[in-house]
Amino acid sequence: MKHERLFLRLDGDPLYAPETSVTRGTMRELAVRPELREHIAHIAVYRETLANPVVEHVVPDGAVRLMFGLGAELGQALVAGPSVQPISLSLQGTMAGLTVTLLPGAAAELLHIPAAQLHDRCMALREFKGFDVDELSERLFGAQDDGERGALVQSVLQRRLAGDHASARHRTLGALKVLSSSRRRLRDASEWVGIGERRLQQIFEHNIGLAPRVYRRLIRVHECLRALRKDRRPHWSQLALEHGFSDQAHLSREFRTFTGLRPTEFVARVSGSFKTAQ
């Protein structure tokens, strides 16, 4: 027997989304300072000890994350790039860390490289110019509590902000708003922000790290996940048409691509709280 659980957090969700079966109390959200609220979606600290192995299934959200190890993993600092691939993590033992999830468009400003270079990659923070990981690790070790640790990380990131990147980021966010509608096309987004499709794609990939059409496909599945929160027994063909899929089969293929499960499997597992699997 192996224990399984699910982690899912859509845009605007609380720390523990309805489908998330991570044990309550293992994660704590920290406040984002006002100066970084256009760049950071949320900051969370997690501390957990697992006596037995657990497989955690993570549904992708396309975000860039900075991950700092605490406790025995202190000194480990990683950047997880944007991805639309569902992943399964094998977890056991004592784990502790601090995770910073960036808002769309923020990675290029804070890390000083195009987000496209991070796509589907996990890199050591030491590889990025301007980060003194050793000094930061020492300060994280000496901090009195997690609140101070969160403030230290935010101070480092705030000092990274330089130059005027707001225009490109705002264009990207405008395109995101249009593409979040399941029936809008890339042409609609380019007309909305007032630039050509090719230029929009370049800006989008620089700031988001994903192609606009791939991002739109991910958001379309996210919309279905939100709909399933209201109705666990939907008419699948109707749900497919309402969210821009050509038919139920198309919905099932896309759902499996971005969650690793067929829609009916996902509902069954969420309803069963991902208890166990043979």
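Located above this text is the structure these notes cover.
Given the structure is predicted, the values throughout are model-derived calculations rather than measurements.

Caption draft 1: Quick peek at the environment of glutamine 117. Mapped onto the secondary structure, glutamine 117 falls in the loop between helix H1 (106-111) and strand E7 (122-124). Among the residues examined, glutamine 117 registers a relative accessible area of 44% and is labelled partly exposed. Sequence separation of glutamine 117 and glutamate 205 is 88 residues, and the distance between their C-alpha atoms is 9.2 Å.

Caption draft 2: Region of the structure containing the side chain of arginine 220. Among the secondary structure elements, arginine 220 is positioned in helix H7 (residues 212-230). For the buried arginine 220, no salt bridge exists, and the shortest N-O distance to an oppositely charged side chain is 4.0 Å, to glutamate 254. Within the structure, the side chain of arginine 220 is placed 3.2 Å from the backbone oxygen of glycine 244, a separation counted as a polar contact.

Caption draft 3: Inspection of the packing of aromatic side chains at higher detail. Applying the stated criterion across every chain, the model contains 2 aromatic pairs. Ring geometry for phenylalanine 204 and tyrosine 215: centres 5.7 Å apart, planes at 65 degrees, overall edge-to-face. Here phenylalanine 204, found in helix H6 (residues 197-208), pairs with tyrosine 215, found in helix H7; they are 11 residues apart in sequence, far enough to count as distant. Judged by centre distance (5.5 Å) and plane angle (70 degrees), the rings of phenylalanine 255 and phenylalanine 266 are edge-to-face. Here the residue phenylalanine 255 occupies a position in helix H9 (residues 248-259), and phenylalanine 266 occupies one in helix H10 (residues 263-271), the gap between them amounting to 11 residues.

Caption draft 4: Region of the structure containing empty space enclosed by the protein. For the coordinates displayed, the defined rule picks out 1 cavity of 30 Å³ or more. The calculated volume of the largest cavity comes to roughly 40 Å³. Lining of the largest cavity is provided by Phe68, Gly69, Gly75, Gln76, Ala77, Val133, Leu136, Ser137 and Leu140. Those elements giving two or more residues to the lining of the largest cavity turn out to be strand E4 (65-69) and helix H2 (133-142).

Caption draft 5: Structural context of the pattern of salt bridges. Taken as a whole, this structure holds 12 salt bridges when the rule is applied. Notably, a salt bridge pairs arginine 47 with aspartate 146, separated by 2.7 Å at the nearest N-O pair. Taken together, the residues span a long stretch of sequence, with arginine 47 in strand E3 (residues 40-58) and aspartate 146 in helix H3 (residues 146-158) at a distance of 99 residues. You can call arginine 47 partly exposed: its relative accessible area is 39%. For the salt bridge of glutamate 254 with arginine 217, the shortest nitrogen-to-oxygen distance reads 2.7 Å. With a gap of 37 residues between them, glutamate 254 in helix H9 and arginine 217 in helix H7 connect regions that are remote in the sequence. Note on glutamate 254: relative accessible area 7%, which makes it buried. Salt bridges linked by common partners bring Arg5, Glu48 and Glu56 together as one network.

Caption draft 6: Seen up close, the layout of surface pockets. Estimated volume of the largest pocket: approximately 1200 Å³. Lining of the largest pocket is provided by 41 residues; of these, Val58, Arg65, Met67, Leu89 and Thr99 occupy positions nearest its centre. Elements supplying a minimum of two residues to the lining of the largest pocket: strand E1 (2-7), E3, E4, strand E5 (77-80) and strand E6 (87-102). It is E3 that provides the largest number of residues to the lining of the largest pocket, a total of 7 residues. Of the residues belonging to the lining of the largest pocket, the class tally is 22 nonpolar, 10 polar and 9 charged.

Conventions used here
Residues numbered from 1 in each chain as written. Predicted model: local features only at pLDDT ≥ 70, side-chain atom pairs only at ≥ 80, totals over all residues. Heavy atoms only, no water. Helix = DSSP H or I, 4+ residues; strand = E, 2+ residues; numbered from the N terminus. Buried < 20%, exposed > 50% of the residue type's maximum accessible area, 1.4 Å probe, protein only. Lys, Arg positive; Asp, Glu negative; His and termini not counted. Salt bridge = Lys/Arg side-chain N within 4 Å of Asp/Glu carboxyl O. Polar contact = N/O pair within 3.5 Å; in protein donor to acceptor, adjacent residues only side chain to side chain. Phe/Tyr/Trp six-rings, centres within 6.5 Å; stacked < 30°, edge-to-face > 60°. 1 Å grid on protein atoms, 1.4 Å probe; cavity = no way out; pocket = protein on both sides within 12 Å on 5 of 7 lines; lining within 4 Å. Points joined across faces, edges and corners; volume = space filled by probe spheres on them. Nonpolar A, V, L, I, M, F, W, Y, C, P; charged D, E, K, R; others polar.

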